[in-house]
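# Descriptive analysis of the structure
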Amino acid sequence: MVVKVFTVDDSETALDGMAWLEEGVLKVSNPEGLGRYPTIEVREPLRISIDGANPASGLFVVSEETSVDFQIPVDVEAERNIKIRVRDQGLNAEIKVEEKEGIEYRLVDKKEGHNLILQVAGVSKPLNSLTVEEATKKLVDEGIVFGIDEDSIRKAIEAKDGKWHQVAVGQEPVNGEHGKVNLLYPKEKEEEFSDLLDHRKLDSVAAGEVIAHKIPAVLGQPGIDVSGNEIAPPKVREAILRAGDGVLIHGDKVVAARPGRPEFRGGVLKVFQVFTSYGDVDAKSGHLKYEGDVVIAGNVQDGMRVHASGFIKINGNVYKSDISAGGSVEILGNVVGSHVRAGGETAVYQKILFKIRYLNRQLRDLLSILKNIPKADGRALLALVEKNYRNVPRVFAELEKEISEKNHLDTNLTHTILEVSRAFKPNRLVEIKFEEFVELVQELLLQEEEFEELGLRNLSDIRVGSIQNSYLEASGDVLILGKGSFNSYLSGGMRVRVTGKPGIVRGGQVSAGKEVDVNELGSQALSLTQVNVGDEGVIKCRRVYPNVVLRVGRYVKRYEEEKEFLELRKEDF
């Protein structure tokens, strides 16, 4: 074999080959003489197939005879996702627009060169603008047909922020009004005694006088949810006229059948006859029990009992006796070593009412959370109750026990309490249907007004001068208008006020639902004195001595030094 070796002098002129990319087409010119063939470097994600070989990226030598096929990445299509949700029991519809631009891949043209780098460029591929009409059609397709707001839709489209925007609002139902019993006789005004000898005038009516009439309930107006469905307004209750002793019912009117003192308590209208004792109640007169009002001109002596279904007024003092009234009690003198009660059945409903108020606050909060859980089932309910509302079943159990011990309560009211209580038992929560649970809770919320009426409309008060070593219990207020309370127990369903001169509470315990107002608490002799009010209550005092314990709901504070002008709420702990 003969090998011919060329030198520079005798070789042909060398001209390198070239390559370029024009409008997506690779063009090649071969080299001349001993010039070099052009190369192309293909970069991901672009791939090419050379002469039918498998597509690949990398460095390739090409010529005019090379067959090249480009494999360009598939375009990414633009995406638009329109989501719709309905909230607040169908009263609100919201839309969320999520958009993602597409990408169109194109070969990048290259000028003529010996070493060519080939690659693709991604060009944005935007979506066509979403129109209000298109978004509205989407809402309608999803069943949203009422209360659509085109301006809100336009803002949601323009925002393109992937957030929820309210675009349709239903029409809430209009609440009706419960029926009422309108009392026509004069009402006793709230007033303080300016002097212990002041006498309050009692309401009185004549036989045949119309003392009350019934105002019919007013039905509410239905609403419409965003799907066009009617939303029923809350149910309303007609007032019920219940006639007690001394009254007659004629249609929607209540008429006094005899002269006396009218009273509306526990949903029942009565006219009380008044019994007056012109001397002392003592061993000579015997115990006094009367279905009506009692007025005692003198004192109640040691060991006596005075019980009345109505009001009791004592112009003198009470010594080591038992005083019990279905209504209020007024004692112009002092009370020593005695037990005085006012309120009767009202106090029972009031005790239930305190728990109902707490439960309804919890239940309203629970319902607001459930509105945002569209597919809540029994297990979700149980988990939620055990996590955030674990006290609710316990309070319901306490209510069940109290109701079972009182067989004279309104069964229409207590039935709902017992039903909701059973619904909160773990095995029942897991099984109960979501709609049934919500309906039961809403029914209980509706009944709070009835308990308010029974527990608050005719509260019974105790008004006395001063007390010592005694027990006073009223469903309404306890008012000490003389020197004060010494080593005694005072309980007021609403308020306890010891604001006479000097208005002292030394030793013992004071409890009230809403407010305790005292001039002085405790003593320089460090007498242990305790004061309790409800969770939303307030304790007011002009002077507090050491060894006084104050409690607001579950918060407790003991004072070890004297303090003046105190006003204590739960926020102050």
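Small disclaimer: the values here were computed from a predicted structure and weren't measured.

### Overview of the overall build of the chain
From N to C terminus, the chain includes eight helices and 45 strands. Its C-alpha atoms give the chain a radius of gyration of 43 Å, clearly above 25 Å, the size a compact globule of 573 residues would have. Along the longest, intermediate and shortest principal axes, the C-alpha atoms of the chain span 160 × 65 × 45 Å. The buried share of the chain, reckoned over its 573 residues, is 42%. For the chain, the separation between the mean place of its 76 positive charges and that of its 91 negative charges on side chains is 9 Å.

### Section: the sheet that holds strand E11 (residues 115-118)
Ordered in space as E5-E3-E11, the three strands form an open sheet in which the pairing is mixed. Strand pairing shows two members of the sheet lacking a second neighbour, strand E5 (58-61) and E11, which therefore form its edges. Here the strands of the sheet are splayed against their neighbours by 20 degrees on average, with no regard to which way each runs. Where strand E3 (residues 39-42) lies against E5, four bridges are found, and the strand directions are antiparallel. Among the inter-strand pairings, Ile40 is bridged to a residue of E5, identified as Phe60.

### Overview of the pattern of salt bridges
Overall, the coordinates contain 30 salt bridges when judged by the stated rule. With a closest N to O distance of 3.1 Å, Asp477 and Arg495 form a salt bridge. One end of the pair, Asp477, is in strand E36 (residues 477-480); the other, Arg495, is in strand E38 (residues 495-498), and 18 residues separate them in sequence. For Asp477, a relative accessible area of 5% corresponds to the buried category. Arg495 sits in the partly exposed class, given a relative accessible area of 21%.

### A short note on the environment of Leu34
Residue placement: Leu34 occurs in the loop between strand E2 (25-29) and E3. Between the alpha carbons of Leu34 and Pro426 there is a distance of 92 Å; along the sequence they are 392 residues apart. Leave out the neighbours within four places in its chain, and Leu34 touches Thr13 and Ala14.

### Quick notes on helix H2 (residues 150-159)
Within H2 the residues assigned to the buried category are Ile153, Ala156 and Ile157. Projected down its long axis, H2 shows its buried positions confined to an angular sector of 100 degrees, all on one face. Within H2, the exposed residues directed more than 90 degrees away from the buried face are Lys155 and Glu158. As for H2, its buried residues are in contact with strand E8 (92-100), helix H1 (132-141) and strand E13 (165-169). Two or three places before Asp151, at the opening of H2, Asp149 has a side-chain oxygen 3.0 Å from that residue's backbone nitrogen. Just past H2, the residue Lys160 takes up positive phi, approximately 45 degrees.

### Concerning the sheet that holds strand E10 (residues 110-113)
A sheet is described by the order of its strands in space; here three strands give the open sequence E2-E1-E10, paired in antiparallel fashion. What marks the edges here is a single partner per strand, and that holds for E2 and E10. Sheet twist, expressed as the average angle between the axes of neighbouring strands with direction ignored, equals 15 degrees. Note: strand E1 (residues 18-22) against E2, five bridges, orientation antiparallel. Each bridged residue has a counterpart across the sheet, and for Glu22 the counterpart in E2 is Val25.

Scoring rules and cut-offs
- Residues numbered from 1 in each chain as written.
- Predicted model: local features only at pLDDT ≥ 70, side-chain atom pairs only at ≥ 80, totals over all residues.
- Heavy atoms only, no water.
- Helix = DSSP H or I, 4+ residues; strand = E, 2+ residues; numbered from the N terminus.
- Rg over C-alpha atoms; globule rule 2.2 N^0.38 Å.
- Buried < 20%, exposed > 50% of the residue type's maximum accessible area, 1.4 Å probe, protein only.
- Lys, Arg positive; Asp, Glu negative; His and termini not counted.
- Charge placed at Lys NZ, Arg CZ, Asp CG, Glu CD.
- Pairing = 2+ DSSP bridges.
- Axes fitted to C-alpha atoms, helices over the stretch in contact; angles between N-to-C directions.
- Salt bridge = Lys/Arg side-chain N within 4 Å of Asp/Glu carboxyl O.
- Contact = heavy atoms within 4.5 Å.
- Arc of directions from axis to C-beta.
- Polar contact = N/O pair within 3.5 Å; in protein donor to acceptor, adjacent residues only side chain to side chain.

In short, the description is geometric, and any link to function would need to be established separately.
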